[in-house]
Amino acid sequence: ICKFLHRFSLHRPQLHRWLISGDGAQRWNDYDSPEEFNFASHVLDYWAQMEGEGKRGPGPALWWVNDQGDEIKWSFRELRDLSRRAANVFEQTCGLQHGDRLALILPRVPEWWLVTVGCIRTGVIFIPGTAQMKAKDILYRIQMSQAKAIVTTDSLVPEVESVASECPGLKTKIVVSDHNHEGWLNFRTLLRSASPDHTCVKSKMKDPMVIFFTSGTTGYPKMAKHNQGLAFRSSVPSCRKFLKLKTSDVIWCMSDPGWILATVGCLLEPWTAGATVFVHNLPQFDPKVIVETLFKYPITQCLAAPAVYRMVLQKNISNLRFPTLEHCATGGESLLPEEYEQWKQRTGLSIHEVYGQSETGITCAIFREMKVKRGSIGKAILPFDIQIIDEKGNILPPNTEGYIGIRIKPTRPLGLFVGYENSPEKTSEVECGDFYNSGDRATIDEDGYIWFLGRSDDVINASGYRIGPTEVENALVEHPAVSESAVVSSPDKDRGEVVKAFIVLNPEFLSHDQEQLIKELQEHVKSVTAPYKYPRKQVHPIQKKPQGSANQP
Ligand code: BCO
């Protein structure tokens, strides 16, 4: 009956309402797979309608602030109209069509939400990236993804301009700014004159929605492509139980907009529940500002990498009893049991771990009302069937170390990526028997709780960032001092892991002051690739031996 009603509801908005309960949870089954789904029309427009009928509370859909005291609050109706305008900008002004790709490289500005939803309305596939990226990172992403358009911010205009001639497929450059740039369309100006009427595309569930670039052990980042299932997944009952968001909740997910954690935690999860998304556009991360913000605004839930909680605790701030905060979740790297204990003692709140990847979205979690087992990343969120597997895809018994596997046969669950774009061989490398092999090592206990152990490959997870050693090695060898480099992960008390680089110097740099050279190499990496990747551990330059001499370090 549920399936029938759901199918019917896609064409009859008045029936669609029957499928949504008072707290915003949609009455789909965990295993449902409707043929059509569009987050903008099925979720946002629904909440706009509820607001219009006085059936949703007064909280805004988006509440944005910055460090200069600016504030923006948009209701779901405003968001609907503005994102329809964005859709018209993309379709009418930029000539983008269903299936075209758009690179989205913005910091936490309100327009990020208009661009994402505008893309969903038009069927344009958006490709988020962090605004820490440099020209080469951007060039690689545009060339690989064949993006026809880019939306970015003032500071990245020169970076894009420096590589634009190498991107013949890039037809439209859009800047989110109060200033105009030659050769660029101005998003804010266009939005003002665009029509708020737009007919949302009827997307099929299998239509691509978003592509995330994700780092691996070798080579450059791969493109993990997701269909509409990533957004639909937020609507199924198991996912709704994980944060148990209500329309009165105000959730602050601190992830950079370039990561899947932001797409899930700042967009899909909160708005599926009709909750308020809170955003603080911090130019620079500062634990003190995090604490002040949690005191100043009525934030009820926060989702941030363990490093954020860790750095707040390290500040030794006397009062961490936040007046409205009820629930804390974390993901991206491991939270240490002692950090959990300290946070609980100082704030009175538990931190609930979640686990996921760019390929999977949030895969398992300590649900809001679930018993916390300290150090566990929780249980599978349906419809994902997670098992611990060996390298052939055989299921291992409880308490045996293996890989985190997600069942893909006989049915690939909605919410799991559809594959690495343009790389069937890389896609098949991670398919292992009936499972997707995450490459992460873990055990599962008799109660179904999963215990994360670490990566099986050389990918470095520094404060929640996934960094491929090759990306840093390639950046280092661009410096004239560097003849060869090898980059590895190194344990770190603040960031869990950090990048450590070993350098073989070219002979003419051997006499240079080593401490100064280390700093220069760090700054060099920051200048040629996204700075979060720079080697933080002291790198000790190694003398390059003349050819034929003994091979000593
Ligand atoms: O630490 P330093 O000051 O030496 O360097 C920092 C920045 O100052 C610097 N930087 C940034 N922009 C720059 C720049 N330098 C030159 N030019 C620029 N334009 O570069 C370094 C960047 O490091 P960071 O981003 O780690 O900065 P910070 O301030 O230490 O931030 C700490 C964290 C904890 C806020 C940050 O590391 C963070 O946000 N981590 C979480 C990442 C995350 O969200 N991961 C989730 C991925 S999705 C996923 O895992 C799937 C889960 C479902």
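This report concerns the structure included in the present document. (Residues numbered from 1 in each chain as written. Predicted model: local features only at pLDDT ≥ 70, side-chain atom pairs only at ≥ 80, totals over all residues. Heavy atoms only, no water.)

A short note on the nonpolar core
Soluble globular proteins tend to pack their nonpolar side chains together in the buried interior. We apply this condition: For the purposes of this section, nonpolar cores are sets of buried Ala, Val, Leu, Ile, Met, Phe, Trp, Tyr and Cys residues that join through side-chain atoms within 4.5 Å. The rule is simple: take the accessible area with a 1.4 Å probe, protein chains only, and divide by the maximum for that residue type; under 20% is buried, over 50% is exposed, in between is partly exposed. Should any heavy atoms of two residues lie within 4.5 Å, those residues are counted as being in contact.
By size, the foremost hydrophobic cluster in this structure holds 81 residues, and its most contacted members are Phe-39, Phe-90, Leu-102, Trp-113, Val-151, Phe-187 and Trp-271. Look past the residues within four positions of Phe-90 in its chain and what remains in contact with it is Gly-95, Leu-96, Leu-102, Val-115, Gly-118, Cys-119, Val-151, Ile-174 and Phe-187.

Concerning empty space enclosed by the protein
Our working definition: Cavity and pocket criteria rest on a 1 Å grid covering protein atoms alone: a 1.4 Å probe that fits but cannot get out defines a cavity, protein on both sides within 12 Å along at least 5 of 7 lines defines an open pocket, and an atom within 4 Å of a point defines a lining residue. Grid points are joined across faces, edges and corners, and a volume is the space filled by probe spheres set on the points. Numbering of helices and strands runs from the N terminus; a helix is a DSSP stretch of H or I covering at least four residues, while a strand is a stretch of E covering at least two. We call Asp, Glu, Lys and Arg charged. Ala, Val, Leu, Ile, Met, Phe, Trp, Tyr, Cys and Pro are nonpolar, and the rest, Gly among them, are polar.
Under the criterion given, the structure shown has four cavities of 30 Å³ or more. When its volume is computed, the largest cavity comes out at roughly 70 Å³. Lining the largest cavity are Leu-230, Arg-233, Ser-234, Cys-239, Phe-242, Val-264, Glu-269, Thr-360, Gly-361 and Ile-362. Secondary-structure elements contributing two or more residues to the lining of the largest cavity are helix H9 (229-233), helix H10 (237-243), helix H11 (260-272) and strand E15 (361-365). Each residue belonging to the lining of the largest cavity can be placed in one class, and the counts come to five nonpolar, three polar and two charged. There is about 50 Å³ of room inside the second largest cavity. Lining of the second largest cavity is provided by Leu-335, Leu-336, Pro-337, Tyr-340, Ile-351, Glu-353, Ile-366, Val-372, Lys-373, Arg-374, Gly-375 and Ser-376. Put simply, the parts of the chain that give the lining of the second largest cavity at least two residues each are helix H14 (337-347) and strand E14 (351-357). The residue inventory of the lining of the second largest cavity, partitioned by class, reads seven nonpolar, two polar and three charged.

Some thoughts on the state of the cysteines
Linking two cysteines covalently via their sulfur atoms produces the bond known as a disulfide. Filter applied, for reference: The term disulfide is used for any two cysteine sulfur atoms that are within 2.5 Å.
Scanning all chains against the criterion turns up zero disulfides. Of the cysteine sulfurs around Cys-364, a residue in no disulfide, the closest is that of Cys-239, at 12 Å. Unpaired in this structure, Cys-432 has its nearest cysteine sulfur neighbour in Cys-364, at a distance of 18 Å.

Considering the pattern of salt bridges
Operational definition: The salt bridge definition used is simple: a Lys or Arg side-chain nitrogen within 4 Å of an Asp or Glu carboxyl oxygen.
Summed over all chains, the structure comprises 33 salt bridges. Notably, a salt bridge pairs Asp-45 with Arg-121, separated by 2.8 Å at the nearest N-O pair. Remark: Arg-121 occurs in helix H5 (residues 111-122) and Asp-45 occurs in helix H3 (residues 39-52); sequence separation between them is 76 residues. Here Asp-45 falls in the buried class, since its relative accessible area comes to 14%. Taking the relative accessible area as the measure of exposure, Arg-121 reaches 0% and is therefore buried. Salt-bridge contacts for Lys-55 lead to Glu-53; the nearest nitrogen and oxygen are separated by 2.9 Å. Taking relative accessible area as the criterion, Glu-53 reaches 35% and is therefore assigned partly exposed. A network of salt bridges, in which partner residues are shared, links Asp-45, Arg-84 and Arg-121.

Section: the site of the ligand
We count it as follows: Near, as used in this document, describes a residue that has one of its heavy atoms within 4 Å of the molecule or strand being considered. Pairs of N or O atoms within 3.5 Å make up the polar contacts considered here, provided that, within protein, one atom can donate a hydrogen while the other can accept it, and that residues adjacent in sequence are counted only when both atoms are side-chain atoms. The protein chains shown are the only cover counted for residues, whose accessible areas, like all others here, come from Shrake-Rupley with a 1.4 Å probe.
Neighbouring the ligand are 23 residues; Ser-463, Tyr-465, Arg-495, Tyr-534 and Arg-536 lie closest to it. One of the side-chain nitrogen or oxygen atoms of Gln-132 is found 3.0 Å away from an oxygen atom of the ligand. In this structure, Gly-464 approaches the ligand through a main-chain N or O atom, which is 2.8 Å from a nitrogen atom. Protein contacts shield 77% of the accessible area of the ligand, which totals 1,100 Å² for the unbound molecule. Those elements that place two or more of their residues in the shell around the ligand are H11 and helix H13 (306-314). Here the residues of the shell around the ligand sort into 12 nonpolar, seven polar and four charged.

A few points about the environment of Asp-100
On the secondary structure map, Asp-100 appears in the loop between helix H4 (76-93) and strand E3 (101-105). The sequence separation of Asp-100 and Val-160 amounts to 60 residues, and the corresponding C-alpha distance is 19 Å. The contact partners of Asp-100, leaving out residues within four places of it in the chain, are Gly-95, Val-124, Ile-125 and Lys-148. A polar atom in the side chain of Asp-100 sits 2.7 Å from the backbone nitrogen of Gln-97.

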